[in-house]
Amino acid sequence: MLPGLAAATAAHRCSWSSICRLHLRCRAAAHGSSERQEWQNVVTLGSFSNMVRYSHPFICTLSQVKSYSTNVQKEGQGSQTLRVEKVPSFDETAENIGAELKAPLIKQEPLQVRVKAVLKKREYGPKYTQNNFITGVRAINEFCLKSSDLDQLRKIRRRSPHEDTESFTVYLRSDVEAKSLEVWGSPEALAREKKLRKEAEIEYRERLFRNQKILREYRDFLGNTKPRSRTTSVFFKGPGKVVMVAICINGLNCFFKFLAWIYTGSASMFSEAIHSLSDTCNQGLLAVGISKSVQTPDPTHPYGFSNMRYIASLISGVGIFMMGAGLSWYHGIMGLLNPQPMESLLWAYCILAGSLASEGATLLVAVNELRRSARAKGMSFYKYVMESRDPSTNVILLEDTAAVLGVTIAATCMGLTSITGNPLYDSLGSLGVGTLLGVVSAFLIYTNTEALLGRSIQPEQVQRLTELLENDPSVRAIHDVKATDLGLGKVRFKAEVDFDGRVVTRSYLEKQDFDQMLQEIQEVKTPEELETFMLKHGENIIDTLGAEVDRLEKELKKRNPEVRHVDLEIL
């Protein structure tokens, strides 16, 4: 009996010690980690009030449990205080531990999971381009089909990119490719047919070139009986008329001046003859530029040939410098180095007088034409000439002005030579005419180069075009505006446009049936149905945006006839 009692007592003490240690750890955790190291507990156990057999649960009563701890605080040199706390009895501790064990460790709350519907990102491969549209002409040319083959395919009406038509018919590229394989059997057979048609096209172009050459020879032999063309009509009005008058007058002046130089041997007269010859050649070049500039644009030159006038004027300026100024300086320098006596100057004076009258008449024609053109553009005469808005007439004006001044210089120097008998004055006159021609040629080269580089139109015109766009409800802002003068009164306008998406969308909704749209929205239940709905109306809104761009371009051209090409880019 005693050994069993001793074993039970030892087991009881071990259990009690474990419970006390657990209780003290819980208190240390409640007081914080700072006091956890300060606890030094001395547990005093009293007598057990009740004891049962080892095989049954036992209840022990703790008569007195005291806990002693020291708390060291640094106050000055340090002080120690003894703190005594009452520890709950064993029964209370056991009940607390039992309640804690019965309580759930973690308070369980209903788990709510919110799933976000996300549209899966689609990878667009090469096959997706089969949804692209293709026109009937491209389908016939690229896939070697007939028009009857296209009648069996699905037809889609789309907004036309051309100004003369509202809409046109296109086909799905996938349908066209499938039809071409059905007609030709395999891609290899289609490739062979394309190669054969390419060879036939090259042969056709060669035959066409030969036939056109034969037709030109036939017209040259029998005469051209076609009605007067547009190219010929440009020489009967405007700059073409001024150029033709100048060619006729300068040709006659050149002929008579060379006769006078041969008769007198005057260096000044030689310079004037060279001057008239260079003017005649340059004006012939201007005529070629005018005839070329009115040609219809082709695929190789989609913006036309209006810049040919500037090119011809630029070459004319170079010709005046090389042929007119260069030869005049050369002859004047040779006259200074080797002076030669002159013959009678009577015929030279008569020819110079006639040249002065004819050059003055040509100058008057050019001035009147430039004044009329400047008035039509709303510009001053001086500004119109300085900006070279009409290059051909500008060249005539400067050449004839130089001719009148050159005749005056030549007559003055020849008069001084005849009075003094010193031929050096005549050589100085030749140098003066050459310098005058050099200044004119430099001005022509500069102004025409500026025009060919791409010159902006007047700021007032740019402001007017910008305000027209900004006043439209569908436009929020205009950026990067460029308005370039293409020549012949043609303007190319380009701008970055920031459209108001709300206005564009409202413009689309105004054309829709709201009841039907509400019904479609109510039928949307899944992300796939929502995607289908948004893709359908999103594509239609993009088409509406394209229609707004077309409307603005037509409005610009209608209110500003000089604007021929409009490029509005969506920002």
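Residues numbered from 1 in each chain as written. Predicted model: local features only at pLDDT ≥ 70, side-chain atom pairs only at ≥ 80, totals over all residues. Heavy atoms only, no water.

(A) Quick peek at the overall build of the protein. Looking only at helices and strands, one finds 19 helices and 9 strands in the protein. If you take every contact in the protein between residues at least 6 apart in sequence, the share linking residues at least 24 apart comes to 68%. Taken as a whole, the protein presents about 36500 Å² of accessible surface, with 59% of it coming from carbon and sulfur. (Helix = DSSP H or I, 4+ residues; strand = E, 2+ residues; numbered from the N terminus. Contact = heavy atoms within 4.5 Å. Areas by Shrake-Rupley, 256 points an atom, 1.4 Å probe, with all protein chains shown as cover.)

(B) Focus on the environment of Leu190. Among the structural elements, Leu190 can be located in helix H7 (residues 187-222). Once residues lying within four places of it in the same chain are set aside, the contact partners of Leu190 are Phe143, Cys144, Ser180 and Trp184.

(C) Summary view of the pattern of salt bridges. Evaluated as defined, the whole model comprises 20 salt bridges. Between Arg551 and Glu548 there is a salt bridge, and its shortest N-O distance comes to 2.7 Å. With Arg551 and Glu548 both in helix H19 (residues 527-559) and 3 residues apart, this pair spans about one turn of that helix. Take Arg551: its relative accessible area is 35%, and that puts it in the partly exposed class. (Salt bridge = Lys/Arg side-chain N within 4 Å of Asp/Glu carboxyl O. Buried < 20%, exposed > 50% of the residue type's maximum accessible area, 1.4 Å probe, protein only.)

(D) Region of the structure containing the packing of helix H4 (residues 136-143) against helix H6 (residues 173-184). Interaxial distance between H4 and H6 falls to 11 Å at its minimum, and their mutual angle equals 35 degrees. Viewed along their axes, H4 and H6 form a crossing whose handedness is right-handed. Contacts between H4 and H6 involve Arg138, Ala139, Glu142 and Phe143 from the former and Arg173, Val176, Glu177, Ser180 and Trp184 from the latter. Here the contact of H4 with H6 is composed, by residue class, of 4 nonpolar, 1 polar and 4 charged. (Axes fitted to C-alpha atoms, helices over the stretch in contact; angles between N-to-C directions. Left-handed = near helix turned anticlockwise from the far one by under 90°. Nonpolar A, V, L, I, M, F, W, Y, C, P; charged D, E, K, R; others polar.)

(E) Focus on the packing of aromatic side chains. For the structure on display, the rule yields 3 aromatic pairs. Here Phe258 and Trp261 contribute two aromatic rings whose centre-to-centre distance is 6.4 Å and whose plane-to-plane angle is 80 degrees, an arrangement assigned as edge-to-face. With a gap of 3 residues between them, Phe258 and Trp261 both fall in helix H9 (residues 238-264), about one helical turn apart. When its relative accessible area of 22% is taken as the criterion, Phe258 is described as partly exposed. Trp261 gets classed as partly exposed once you look at its relative accessible area, which sits at 25%. Judged by centre distance (6.2 Å) and plane angle (85 degrees), the rings of Phe321 and Trp329 are edge-to-face. We classify Phe321 as partly exposed; its relative accessible area is 37%. One residue, Lys292, lies across the ring of Phe305, its end atom 5.2 Å from the ring centre. The ring of Phe381 has Arg371 lying over it, and the distance from NZ or CZ to the ring centre is 5.9 Å. (Phe/Tyr/Trp six-rings, centres within 6.5 Å; stacked < 30°, edge-to-face > 60°. Lys NZ or Arg CZ within 6 Å of the ring centre and 35° of its normal.)

(F) Spotlight on the UniProt feature "transmembrane region" (unreviewed entry) in the protein. Under the present numbering, the feature "transmembrane region" (unreviewed entry) in UniProt falls on residues 242-263, 310-333, 345-367, 402-421 and 427-446. In the segment residues 242-263, helix accounts for 100% and strand for 0%; the C-alpha atoms at its two ends are 32 Å apart. Between the C-alpha atoms that bound residues 310-333 the distance is 33 Å, and the span itself is 100% helix and 0% strand. (UniProt positions renumbered as here; feature names shortened; annotations may be inferred.)

(G) Summary view of a nonpolar patch on the surface. Together, Val318, Phe321, Met322, Trp329, Tyr330, Ile333, Met334 and Leu337 make up an exposed nonpolar region whose accessible area comes to about 790 Å². Looking at the secondary structure, you find Trp329 in helix H11 (residues 308-337). (Patch = residues over 30% accessible without salt bridge, like charges linked within 9 Å, V, L, I, M, F, W, Y side chains within 5 Å.)

(H) The arrangement of the environment of Leu352 in detail. Structurally, Leu352 can be placed in helix H12 (residues 346-377). C-alpha of Leu352 to C-alpha of Val407: the two residues are 55 residues apart in sequence and 6.3 Å apart in space. In this structure Leu352 touches Met269, Glu272, Val407, Ala410, Ala411 and Met414, once residues within four positions along its chain are discounted.

(I) Region of interest: the sheet that holds strand E5 (residues 167-172). In spatial order, the strands read E3-E5-E4; together these 3 strands make up an open sheet with antiparallel pairing. The sheet is open, and its two edges are formed by strand E3 (133-135) and strand E4 (156-159), each paired on a single side. Shown here is a sheet whose adjacent strand axes are inclined to one another by a mean of 55 degrees, direction ignored. Note that E4 and E5 share 4 bridges and pair antiparallel. Bridge pairing in E5 links Ile156 to Val170. Helix-sheet contacts for H4 involve E3 and E5, and the interaxial angle to E3 is about 85 degrees. In this fold H6 packs onto E3 and E5, with an angle of close to 55 degrees to the strand it touches most, E5. (Pairing = 2+ DSSP bridges.)

(J) Spatial organisation of the side chain of Lys494. By the element assignment, Lys494 lies in strand E8 (residues 490-499). Taking relative accessible area as the criterion, Lys494 reaches 15% and is therefore assigned buried. One polar contact links Lys494 to Asp480, side chain to side chain, over a distance of 2.5 Å. Contact partners of Lys494, with chain neighbours within four places excluded, come to Asp480, Val481, Lys482, Asp567 and Glu569. (Polar contact = N/O pair within 3.5 Å; in protein donor to acceptor, adjacent residues only side chain to side chain.)

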